[in-house]
Amino acid sequence: MFLKHINRKSQHAIMQALWIAGVLIGLMAATSALFYQTPAARATGDTTTSVLQADCAPGELIQDGGFEAGLPNPAWQTSSNVLSDILDDSPVPPPRTGMWKAWLGGDNLIQQSLWQTMNVATDTTSVEVSYWWRVDTFETNHPFDTLEVQVRDAAGNPLETLETLTDGDESSTWEQSTLDVSSYAGQTIQIAFVVETDDTNPTSFFLDDVSLTQTCAATPTPTATVEPTPTVTATATLPADASPVYLPLILRSNND
Ligand SMILES: [Ca+2]
Ligand SMILES: [Ca+2]
């Protein structure tokens, strides 16, 4: 046997060497624990979730919905070359808010339109258009004069008529219409007010406080993740009297 060729002192040295080797193995295990994470830890703790920011900005898409920018107006477009034909600051009838309103019609054989173009975000949960209106008319039979509220594409082609008001809707007070246009999410659209009157008994269509609002889908908020703290389970303490140990070199001849 190998050990019978080793004296007692050498045996003691070997035992010390084995103890040191055990200590070294323990230290290696502890060190590796500092850098090793279980697959579960890697899956849950060592990454920060990246969230794509939505392109939707909640709120109002119509500019100058109350027409208070007056003339010249940077927000609204009209079929009339003379914007003052439509935007009006006269006190009769009084605007719903502020000093300005839109006034379409008011004469016979009128064809006028007033519109604004906007980009509706893709990731909306709802899109809603609203406006306040009132109608004054000389018509006694109905309907002959009309106001169509249209959704149009970016080129001005009608896509949908949201509401049609006529001289039959005469009202001496401001009324509000609210309509859902959520189906146009992700599109560039125009909200257009188109008026036509016939050849007698003119009708006036007044508008104020036009609004188109979009509500956005909730965006997940990134949450900070805490790196898992490795737990060191193996500890090793060298004895106070530990000293360098030299392993014996055993030389054997072929005849031994
Ligand atoms: Ca106004
Ligand atoms: Ca008429």
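Residues numbered from 1 in each chain as written. Chains lettered and ligands numbered in written order. Predicted model: local features only at pLDDT ≥ 70, side-chain atom pairs only at ≥ 80, totals over all residues.

Caption draft 1: Molecular detail of the overall build of the protein chain. Of the regular secondary structure elements, the protein chain holds 2 helices and 11 strands. Element order for the protein chain, N to C, with α for helix and β for strand: α-α-β-β-β-β-β-β-β-β-β-β-β. Taking all 256 residues of the protein chain together, 22% fall into the buried category. In the protein chain, the proportion of contacts linking residues at least 24 apart, taken out of those at least 6 apart, comes to 81%. (Helix = DSSP H or I, 4+ residues; strand = E, 2+ residues; numbered from the N terminus. Buried ≥ 20, exposed ≤ 12 C-beta atoms within 10 Å, placed from the backbone. Contact = placed C-beta atoms within 7 Å.)

Caption draft 2: The nonpolar core, seen in detail. By size, the foremost hydrophobic cluster in this structure holds 32 residues, and its most contacted members are Ala102, Leu104, Trp133, Phe193, Phe205 and Leu207. Within the residue set of this core, elements represented by two or more residues are β4 (101-105), β6 (124-137), β7 (146-153), β10 (188-196) and β11 (203-216). Aside from chain neighbours lying at most four places away, what touches leucine 207 is Lys101, Ala102, Tyr131, Trp132, Trp133 and Phe193. (Core = buried A, V, L, I, M, F, W, Y, C linked by C-beta atoms within 7 Å.)

Caption draft 3: Representation of the sheet that holds β10 within the structure. Read from one edge to the other, the open sheet built from 5 strands follows the order β2-β5-β10-β7-β8, with strand pairing classed as antiparallel. Only two strands of the sheet have a single neighbouring strand rather than two, namely β2 (77-78) and β8 (158-166). The pairing of β7 with β10 spans 8 bridges and is antiparallel. Its bridge partner lying in β10, leucine 147 is registered against valine 195. (Pairing = 2+ DSSP bridges.)

Any functional reading would require information that these geometric values do not contain.
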